[in-house]
Amino acid sequence: MEALWAGIDNLASWPVMAAILIGSVGGLAIGAVPGIGPAIAIAILLPATVFLDDLVSLVLLLGVYGSSMYGGAIPAILINTPGTPVNALTTYDGYAMTRRGEAARALSLAYAASFFGGCFSIILGLSALMLFGPYLRDLGALFGQRDIFMAAALGAVLLVAAHRKTMGIAALLFGLGFLIAIIGRQTTRQIDRYTFDIEYLYPGFNLIVVIVGIFAISQALFLLTGKDTDPPHARLKGGLLRGFGELNRFKPVALISAGYGTIMGIIPGVGEFVAQFFSYSTARAMSREPGKFGRGAPDGLIASEASNNAVPAAAMVPLLALGVPGEALTAMMMVVFFDAGIKPGPDIFDNNPDFLFSLFFALLIINVLVVITLLISTRHIARIIYIPNRLLGAFILILAFVGVFSIRNSFTDCMFAAGFGFLGFILRRLDWPLVPIVLGLVLGSIMIEKLTAGSGQIKTVVDLVNRPVSGTLFVVILIVIGVTIFTSLRTRRFEH
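Definitions and limits used
Residues numbered from 1 in each chain as written. Predicted model: local features only at pLDDT ≥ 70, side-chain atom pairs only at ≥ 80, totals over all residues. Heavy atoms only, no water. Phe/Tyr/Trp six-rings, centres within 6.5 Å; stacked < 30°, edge-to-face > 60°. Helix = DSSP H or I, 4+ residues; strand = E, 2+ residues; numbered from the N terminus. Buried < 20%, exposed > 50% of the residue type's maximum accessible area, 1.4 Å probe, protein only. Salt bridge = Lys/Arg side-chain N within 4 Å of Asp/Glu carboxyl O. Polar contact = N/O pair within 3.5 Å; in protein donor to acceptor, adjacent residues only side chain to side chain. Contact = heavy atoms within 4.5 Å.

Visitor: What's the story with the packing of aromatic side chains in this structure? I'm lost.
Guide: Describing an aromatic ring pair means giving the distance of the ring centres and the angle of the ring planes. Scanning the entire structure with this criterion turns up eight aromatic pairs. When the ring of F115 is compared with that of F244, the centres are 6.1 Å apart and the planes differ by 65°; the resulting orientation is edge-to-face. On the criterion of sequence distance, the pair formed by F115 in helix α6 (residues 103-132) and F244 in helix α11 (residues 242-246) is long-range, its members being 129 residues apart. Here the aromatic rings of Y280 and F293 are separated by 5.3 Å at their centres, their planes lie at 75°, and the arrangement is edge-to-face. With Y280 in helix α13 (residues 272-286) and F293 in the loop between α13 and α14 (298-322), the pair connects residues that are 13 residues apart, well separated along the chain. Among the residues examined, Y280 registers a relative accessible area of 4% and is labelled buried. Note on F293: relative accessible area 9%, which makes it buried. Members of the aromatic cluster, joined through ring pairs, are Y92, Y280 and F293.

This is the structure:
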């Protein structure tokens, strides 16, 4: 209790509260602008943290991290362009609802689901750290390289299975994304993979570059080549809190999705993408009307937003308990810990327990501030869909290239983004899904990394599944494949 009150007292200073406010509102704005995203913003802010107090620096970065996905849902729902990479799945049902004239309902549901997922993860994450933190080091031994590999493989299978009417196309595009992930130089063994001695291909393709190209630039080209048609009228009548009431109708979906986000956030190297597709596939399987998914299903939108917003707080658990960053953004935060002389890991429970409480209470305040800001400004935010398509396309294109260039100050990245943009534009014209390419890249990177790291223990294919966790996941994969094949054959029989 002494550490608890000390943690709260740490937040009761104007520099810390100012950092929380600036980080929350700033992250919201950054997330709402396609092509920028929290990773770029945090990378830009890192040099400034040297001149700030350690807690001020961390809550500022946490504000950007924790609020960006809220903001990223706004353009995903209104203009079919995710503000951050992890909001890609939100476009499936969110934009479909906007086209039906339900923009306010979609935004309200996204806010409610995001808030629920965030608070759920904060409470569970903090409880887990307090109760089991000193023992999490032993728990980490259960999740080896092969186990994470099989988890990513299960995510790939669920991704393809979710595209029931276009499973062949989804598998093809996932394979393309996987191929993109392979390209580059394998640093530990100095092996070049499909680089063709081109220097620019040695680092591989940056995920943000691919995401911006596939989604933002392709959408900009789609808008620029189209006509300036009047968008559907956004029905903004009714209370702005109605999404919180409607969330009660989908309690099981919200709970399961937030649970997936929390679990996947805790497991290092997995993150939002796998959590989303586990959640989305589960929600679709639970639904009485699975055919509505991808066409404006509220439970599909809830599954996406509840799961991705549950990850930030959960990703702090392996960072604080084991000193292992769950993904890129928490890895950036480790720089601040090191500058402050704080070593994340089990020792933090003895040396800096108040610091741990401060971070989680800051995350809770961030979630509350963001929701209040969004609820107040929803009517103004929704007006973005009335901007002429070509003007909006030009604006997205400029911001996308500025965001890509700011990653490494590289014109080459801009050229790559443009190439992926044209690819995405062609896929949009063909009405093919874009998400499988991105998931192929993300899950492919995880699978390649974990398979390479665990190659010393893999002599035969059986070695991939001879652990309890990996073996269980493999059985689940077989079940999913079997159910999918059976369902497809049964559907075709009824059609004929």
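Moving on from the coordinates now.
Visitor: Could you clarify how one ought to interpret the pattern of salt bridges in this entry?
Guide: Any two side chains of opposite charge can pair, on the condition that their charged atoms come close. For the coordinates displayed, the defined rule picks out five salt bridges. As a salt-bridge pair, R249 and E246 come within 3.3 Å of each other at their nearest N and O atoms. Residue classification places R249 among the exposed positions, given a relative accessible area of 58%. Through salt bridges with shared partners, a single network forms among R100, E102, R105, E246 and R249.

Visitor: What should I look at first to understand the side chain of N309 in this one?
Guide: Structurally, N309 can be placed in helix α14. Taking the relative accessible area as the measure of exposure, N309 reaches 4% and is therefore buried. Polar contacts involving the side chain of N309 include one to the side chain of S114, which spans 3.0 Å. Setting aside residues up to four positions removed in sequence, N309 forms contacts with G66, M69, Y70, S114, G117 and G118.

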